[in-house]
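# What the coordinates show
The chain contents come next:
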Amino acid sequence: MRLLGLVVSRAAFYAVAAVFACLFALPLVWLVFAPFDARANLFVRLPHPFTLANFGKVFANGFAVRALFANSIIQGVGAMLLVTLLATLMAYALSRAPIRGTDMLSYGLVLFSSIVTGTAAMVPLFLLIYAMGLIDTQLGVILVFTGGLLPAAVFIMRDFVDSIPRSYEESALVAGASPWRMFLDIALPIVRPGMMVVAVWTFVNVWGGFFVPFILLRSPTNMPASVAIYSFYTEGGTPIITLTTAYSLLYTIPVLVLYLFVNWRYGFRFFGGIKS
Amino acid sequence: MDAAARPDPRPAPETPLPERRTILPLRTGLMFLAPAAVFIFAFIILPFFWVAVVSFTNRSLTGPGALHPHFVGLKNYAQLFAPGTFLQPGQFGSSLLITAQFVFFSALIGQAVLGLFLAWFFYRREGWVKQTVQTLAIGAWIIPDVVVAFAWSAFLDYRQGTLNHILGALHLGRVDWLLGVPLLSIILFNTWRGTAFSMLLFSSALGSIPPSHLETADVNGANAWQKLRDIVLPLIRTHIVTDLILITLWTFNTFTPFLITGGGPAFKTEVVSILTYRIAFRYFNFGSGSAIGMIMMLINLAFALVYLSLLRRQQGAAT
């Protein structure tokens, strides 16, 4: 009787787990198969006939290639460099300079940045970029992403900076180092893991971001992949499934690789509930 | 103060502990802070006030409102709340009702309850089954918006979509997801999309519960539901509040349903973020769009303040 109960509860566990695995996986199965299918439609099936030609056709589309391999990378790396640099400097100052109430300040900024967000903030941001003459420029997109992501990035960096023992820097001070030298030679090497996490987090956010470039950019030559993905249409106006799914897959791979890299190198961590 | 620049000439024998040395002088600290502060001011603080200013004008992208916007007082707000049209499809009131249902069912019921269930289901279990389910949930959460939206458009397709094929195979009949029950469709989508966050947050909360608490209950013969209700939920109260507020804020502001339904058909999935986009960037009526944006931000602010006050009360109760 005991044994039977154990078997039943084990079976129930696997059954429930299998149901959830299916629920999360099913919507994506089609997206994994369709790119390799020469005659893919919306129906999910094993690729038949199997082909890599869809990827070849994607690479033949200059606009799409430019979006993925130039524009998305320029915007992602641009914002990544700015956010990582500025957030590291600010987090270091908040941790080490004699300023009061910095915990409240960095927390308050994160909360405030989640209030001024999304479409609600887009009208003033559009007008600001317009006033700066940066509509339809990659720089405009980089600046808006940088501003929006900075508070959370500073919050993440604080975690890392606060974990450095002050004694390292105190002994450097005794040895007569200037604040800049101390920051560059002592602090930076220690907080490098934090900078890596912030850099990857920023890049993934910008890489996946749709709304900001959708609003701020006009000309096809500036579009990142998130907007250019809507470029494979038939003359009748329906998406060409084979090409769009192949492009989607190419566009998703960097995100998965970076997630696995961070997970393997630094482990998954929660930074006060910030989406990573 | 800069301790190195102004050494105190007097000896201080009465302080028993050495004073904590200032590592970064105030002036250098402010220099480090300044560039980020400029960005945060320009792209977060300023827009909050700018949106308020624009909402009282007839600012637009083209036409007379572009060059010389006028102050129009509360006209934009009066239009939004006009009693005759408030609840009509495509109007502000109707959009708010849709958003309320979307947030309630996809975030509070869908993501939070499912996330808690998954965290509890895999609590004190390890192994490949847990790894697989968690990895799939995280995958749904980290893949870019446009890709998951595209996948879901196909998944829900009436004739060829995977979901209807499964329902058909189970003899449950087909559902016209995107045209027949569009709001339900984006609720299911958003639940699927965001559950990983609640699951991970609750998993880490459960991990912080001392095992002895539950062992006592095991000895007393409590079942899983009793343990969850009487022991676990009270202990992770703070995490639950954090989770609910964050997912509410995110779901309230998300624009991703637009990529699946475009707000349609017939405005049935037009949540306020999509309405703002339509008014401000399709009709280029910045004044009216800002009025909606202002109300959205005030609702966000209310959530944030409720959150802070609950956290503070809990901290007060803990000490």
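Residues numbered from 1 in each chain as written. Chains lettered and ligands numbered in written order. Predicted model: local features only at pLDDT ≥ 70, side-chain atom pairs only at ≥ 80, totals over all residues.

## Concerning the overall build of chain A
Within chain A, the regular secondary structure consists of eleven helices and zero strands. Since a compact globule built from 276 residues should have a radius of gyration of about 19 Å, the 24 Å found for chain A marks it as more spread out than a globular shape. A buried classification covers 49% of the 276 residues belonging to chain A. Pairs at least 24 apart in sequence give 74% of the contacts found in chain A among residues at least 6 apart. (Helix = DSSP H or I, 4+ residues; strand = E, 2+ residues; numbered from the N terminus. Rg over C-alpha atoms; globule rule 2.2 N^0.38 Å. Buried ≥ 20, exposed ≤ 12 C-beta atoms within 10 Å, placed from the backbone. Contact = placed C-beta atoms within 7 Å.)

## Description of the overall build of chain B
Secondary structure summary: chain B contains 15 helices and zero strands in total. What you see for chain B is a C-alpha radius of gyration of 26 Å, clearly larger than the 20 Å of a compact globule of 319 residues, by over 25%. Once the C-alpha set of chain B is aligned to its principal axes, its extents read approximately 85 × 75 × 35 Å. Put simply, of all contacts in chain B between residues at least 6 apart along the chain, 67% involve residues at least 24 apart.

## As for the packing of helix α3 (residues 62–96) of chain A against helix α6 (residues 138–162) of chain A
Helices that pack against each other are described as a pair by the angle of their axes relative to one another and the distance between those axes. Residues and elements named next belong to chain A. Close contact between α3 and α6 brings their axes to 6 Å; oriented N to C, the two are set at 40°. As summarised for this structure, α3 and α6 are arranged oblique, according to the angle between their axes. You can see that α3 and α6 cross each other, and the crossing is right-handed. Here the residues of the contact of α3 with α6 are counted per class, giving 19 nonpolar, seven polar and two charged. (Axes fitted to C-alpha atoms, helices over the stretch in contact; angles between N-to-C directions. Parallel < 35°, antiparallel > 145°, perpendicular 65-115°, else oblique. Left-handed = near helix turned anticlockwise from the far one by under 90°. Nonpolar A, V, L, I, M, F, W, Y, C, P; charged D, E, K, R; others polar.)

## Some details on the environment of Ala224(B)
Secondary-structure assignment places Ala224(B) in helix α11 (residues 224–235). When the C-alpha positions of Ala224(B) and Ile247(B) are compared, they lie 26 Å apart, and in sequence the two are 23 residues distant.

## Quick word on unusual backbone geometry
The phi torsion of most residues other than glycine is negative, and most of the peptide bonds are trans. Going from Gly264(B) to Pro265(B), the amide bond is cis rather than trans, its omega being -5°. Checked against the element boundaries, Pro265(B) lands in the loop between α13 (257–261) and α14 (272–282). Here the phi dihedral of Asp136(A) falls at roughly 60°; this positive angle occurs in a residue that is not glycine. Within the element layout of this structure, Asp136(A) appears in the loop between α5 (118–131) and α6. Judged by local crowding, Asp136(A) falls into the partly exposed class, with 14 C-beta atoms found within 10 Å. Even without being glycine, Ala266(B) reaches a positive phi, approximately 55°.

## Some details on the interface of chain A and chain B
Buried accessible area, meaning the area lost when the parts come together, often serves as the stated size of an interface. At the junction of the two partners, chain A supplies 73 residues and chain B supplies 69 residues. Classifying every residue of the side of chain A that touches chain B by side-chain character gives 53 nonpolar, 15 polar and five charged.

## Re helix α1 (residues 26–54) of chain B
Since one α-helical turn is 3.6 residues long, residues separated by three or four positions face the same way. At Pro47(B), α1(B) shows its largest kink, close to 45°. All of the buried residues along α1(B) are Gly29(B), Phe32(B), Leu33(B), Ala36(B), Phe39(B), Ile40(B), Phe43(B), Ile44(B), Pro47(B), Val51(B) and Val54(B). (Bend = angle between axes of the 7 residues up to and from the residue.)

## Structural notes on the domain arrangement of chain A
All names here are of chain A. Domain parsing of chain A yields domain 1 (11–51) and domain 2 (62–266). Each side of the interface is counted separately: domain 1 has seven residues, and domain 2 has six residues. Its residues placed into classes, the side of domain 1 that touches domain 2 shows five nonpolar, one polar and one charged. (Domains from an automatic or database assignment.)

## Re the confidence of the model for chain A
Taken as a whole, chain A shows an average pLDDT of 86; of its residues, 95% reach a score of 70 or greater. Note on residues 271–276 of chain A: pLDDT under 50 across the span, and twelve contacts to partners over four residues away in sequence or across chains. (pLDDT = per-residue confidence, 0-100.)

## A look at the nonpolar core
Soluble, globular proteins show a tendency: their nonpolar side chains are buried together. Ala87(A) and Met90(A) are the most contacted members of the largest nonpolar core, which has 167 residues in total. Look past the residues within four positions of Met90(A) in its chain and what remains in contact with it is Val154(A), Phe32(B), Leu33(B) and Ala36(B). (Core = buried A, V, L, I, M, F, W, Y, C linked by C-beta atoms within 7 Å.)

## Quick notes on helix α12 (residues 237–253) of chain B
Here α12(B) contains 17 residues, and its C-alpha end-to-end distance of 25 Å stays within 8% of the 24 Å for a straight helix at 1.5 Å per residue. Of the positions making up α12(B), those classed as buried are Asp243(B), Ile245(B), Leu246(B), Ile247(B), Thr248(B), Leu249(B), Thr251(B), Phe252(B) and Asn253(B). (Expected span 1.5 Å × (residues − 1).)

## What about the environment of Ala266(B)?
Residues and elements named next belong to chain B. With respect to the helices and strands, the residue Ala 266 is situated in the loop between α13 and α14. Under the C-beta neighbour-count criterion, Ala 266 is labelled exposed, with 11 such atoms within 10 Å. Spatially, the C-alpha atoms of Ala 266 and Pro 89 are 7.2 Å apart, while their sequence positions differ by 177 residues.

## A look at the confidence of the model for chain B
For chain B, mean pLDDT is 85; residues scoring 70 or higher make up 91% of the total. Here residues 1–19 of chain B is a poorly scored stretch, pLDDT under 50, and it has nine contacts once near neighbours within four places are set aside; other chains count.

## Focus: the environment of Ala97(A)
Relative to the elements of secondary structure, Ala97(A) occurs in the loop between α3 and α4 (102–115). Taking the C-beta count within 10 Å as the criterion, Ala97(A) has 21 such neighbours and is therefore assigned buried. Through-space distance from the C-alpha of Ala97(A) to that of Met195(A) is 20 Å; in sequence the pair is 98 residues apart. Filtering out sequence-adjacent residues up to four positions away, Ala97(A) remains in contact with Leu24(B), Leu26(B) and Gly29(B).

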